[in-house]
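Now for the letters of each chain:
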Amino acid sequence: MHPALAGDLARLPDLLRAARDLAARELSGLDERPAVRLDQAPGPAAVPGAGAGAEGALARFAERWAPGFSGSAGPRYLGFVTGGATPASVAGDWLTSAYDQNASGAVGSWAAALERETVGWLRELFGLGEAHSGAFVTGATVSNTVGLAIAREWLGERLGVSVSREGAAALGPVEVLSGSPHSSITKALSVLGIGRDRLRRVPVLPGNREAVDVDALDAALAGLGGRPAIVVANAGTVNTVDFDDLRAVAALKERHDFWLHVDAAFGAFAALSPAHAPLVAGLDAADSVCVDLHKWLNVPYDAAVQFTRRQDLQIAVFHNASPYLGLPTGCPDFLHLTPENSRRLRALPAWFSLVAYGREGHGEIVERNVALARELGARVESSDGLRLLAPVRLNVVCFTLDRDPTQERVDALPARPRDAPAKRCPHTEPVPRRPCPRSRASSLQQLAARPGPTWSGWLTLSLRPAGEVRRFRADAAGGAGDENSVSFEALCVGHGAKVAPR
């Protein structure tokens, strides 16, 4: 055995403690870590020869690469749509690596049974019924791809062809209709051979809404002359967290033949709050559902789940025919349900977090995020020079300059003085914050938050020129934004408030 490997095996407990200590130091130092690093990363080094052992690798990482990592694990990071990681989910993620299970099948391990239990819990939390089965995948993009792949097979069933055997060309032109689809939908259509140009955008409701106009959708479906189609409904759009009327969309099935896929990447979590659950009423009527878990469930990257009513079609698409794997049975192995054969046990961090905090704890995360978003929205409305572009429905606050909101004026917002004091937020204790080099300031009060044992999920800010409602994801903690964002030193109460692409 290579001497470095042999030595590491002999000292494994000590090495794990060293990694734990580094992780603890990094997390406790998030207040001092820049939200983003915009300087040049080191150039690539030559591949190591003899090897330095795990201790040497840890030291080299801490010196060469760790300083350049963003503060995305903490509450000052504003970027995209990333949830945080609850303490329990971090522990579960560490154990996922320690146990190193391949969760592709049930033979030889209980790992697949744990995933099924976790999927069942999530199905119940989101208000889905027993008819929906599901599996863990990497993120919302793959979840949407799996759902649309099953929809593609359903189209073949309706037209008398087997897409999984004959290919997408056997379908002819496919109609995909949606009001405000996420960019991952067109990516999925490209991957599936349907084509990006087959997405037909349906008019949305007036008043700067992103929810589909159900009457317009009805007319568009009627214009297909009875040909089956795919409808992508949205439960929580990325710009303003708008929700399609899922019950009204599903009711159109009485007159039209279509597969209903619901992109509920983070909107599904409204179901955890009694006050906001009506936003996702009708989700159970969907034929397939996408939910991202490294968003509002606050588990580490990467984790999402997909649900469908037609597991038989899912197996037709994804089954892996090989003598050593066996055929799909009544309870098919996960390798027959998703693109992956080799699968990390992504369910374990989610299982840990659900056991640790339960329905009530995760519901409180949602409700606290919404309360913070509404507080920010109220401050925008009461501030001179700013105005909301959309109502604060959940965790997104989309706003712009009140007068002459041109790109140039947005870009010209002054940086907040480095010595400007942070103001107290009633949800948190004030602590000094280190401004991000790219942070922007406004006349809004700055809010401060201290990372601690309470975890908040995430909040989204958006500052855009008027008429240009575009996505800007942020945690409630301010820090690094894009060129048109207003950032806040900290708006939410916990570590778990980051955001990233799906």
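The structure presented is a predicted model; accordingly, all values stated were derived computationally and were not measured.

S.K.: Outline the overall build of the protein, listing residues and values.
M.R.: When you go through the protein residue by residue, the secondary structure sums to 13 helices and 10 strands. Taking all 502 residues of the protein together, 53% fall into the buried category. Restricting the contact set of the protein to residue pairs at least 6 apart, pairs at least 24 apart contribute 72%. When the accessible surface of the protein is split by element, carbon and sulfur atoms take 55% of a total near 21400 Å².

S.K.: Can you break down the packing of helix 2 (residues 12-28) against helix 3 (residues 53-64) residue by residue, with the values?
M.R.: Between two packed helices, both the angle of their axes relative to each other and the distance between the axes serve to describe the pair. At a minimum axis separation of 10 Å, helix 2 and helix 3 run at an interaxial angle of 10°. Viewed along their axes, helix 2 and helix 3 adopt a mutual orientation that is roughly parallel. Taking contact as the criterion, the partners of Leu15, Ala18, Ala19 and Leu22 in helix 2 are, on helix 3, Ala54, Glu55, Leu58, Phe61 and Ala62. Partitioning the contact of helix 2 with helix 3 into residue classes produces eight nonpolar, no polar and one charged.

S.K.: Give me the lowdown on helix 11 (residues 311-318), citing residues and values where you can.
M.R.: Of the residues making up helix 11, those classed as buried are Leu313, Gln314, Ile315 and Phe318. Contact partners of the buried residues in helix 11: helix 6 (140-159), strand 5 (258-263) and strand 7 (304-308).

S.K.: Tell me about the pattern of salt bridges, residues and numbers included.
M.R.: Under the defined criterion, the tally for this structure stands at 25 salt bridges. A salt bridge links Lys295 to Asp292, with the shortest nitrogen-to-oxygen separation between them at 2.2 Å. Under the relative-accessibility criterion, Lys295 is labelled buried at 1%. For Asp292, a relative accessible area of 0% puts it in the buried group. Its salt-bridge partner being Glu364, residue Arg368 comes within 2.5 Å of it at the nearest N-O pair.

S.K.: Pulling in residues and values, what's your account of the pairing of strand 4 (residues 229-234)?
M.R.: In terms of burial, strand 4 is largely enclosed, as six of its six residues are buried. Burial along strand 4 is two-sided: the residues Ala229, Val231 and Ala233 and Ile230, Val232 and Asn234 are all buried.

S.K.: Give me the lowdown on the sheet that holds strand 7, citing residues and values where you can.
M.R.: Strand order in the open sheet made by the seven strands is 1-7-6-5-4-2-3, with mixed pairing throughout. At either end of the open sheet lies a strand with only one pairing partner, and these are strand 1 (133-137) and strand 3 (199-201). Strand after strand, the sheet turns through a mean of 20° between neighbouring axes, direction not considered. Relative to strand 6 (residues 288-292), strand 5 is paired through three bridges, and the arrangement is parallel. Bridge pairing in strand 6 links His261 to Ser288.

S.K.: Can you explain empty space enclosed by the protein? Please cite residues and give values.
M.R.: Using the criterion set out here, one finds four cavities of 30 Å³ or more in the structure. Quantified by volume, the largest cavity comes out at close to 60 Å³. Along its surface, the largest cavity is lined by Asp93, Val299, Pro300, Tyr301, Asp302, Ala303, Arg344, Arg346, Pro349 and Ala350. For the lining of the largest cavity, the per-class residue count stands at six nonpolar, no polar and four charged. Taken as a whole, the second largest cavity spans an internal volume of roughly 40 Å³. Residue lining of the second largest cavity: Leu30, Arg33, Ala35, Gly71, Gly74, Pro75, Arg76 and Tyr77, and that is the complete set. Within the lining of the second largest cavity, the residues separate by chemical class into four nonpolar, two polar and two charged.

The rules behind the values
- Residues numbered from 1 in each chain as written.
- Predicted model: local features only at pLDDT ≥ 70, side-chain atom pairs only at ≥ 80, totals over all residues.
- Heavy atoms only, no water.
- Helix = DSSP H or I, 4+ residues; strand = E, 2+ residues; numbered from the N terminus.
- Buried < 20%, exposed > 50% of the residue type's maximum accessible area, 1.4 Å probe, protein only.
- Contact = heavy atoms within 4.5 Å.
- Areas by Shrake-Rupley, 256 points an atom, 1.4 Å probe, with all protein chains shown as cover.
- Axes fitted to C-alpha atoms, helices over the stretch in contact; angles between N-to-C directions.
- Parallel < 35°, antiparallel > 145°, perpendicular 65-115°, else oblique.
- Nonpolar A, V, L, I, M, F, W, Y, C, P; charged D, E, K, R; others polar.
- Salt bridge = Lys/Arg side-chain N within 4 Å of Asp/Glu carboxyl O.
- Pairing = 2+ DSSP bridges.
- 1 Å grid on protein atoms, 1.4 Å probe; cavity = no way out; pocket = protein on both sides within 12 Å on 5 of 7 lines; lining within 4 Å.
- Points joined across faces, edges and corners; volume = space filled by probe spheres on them.

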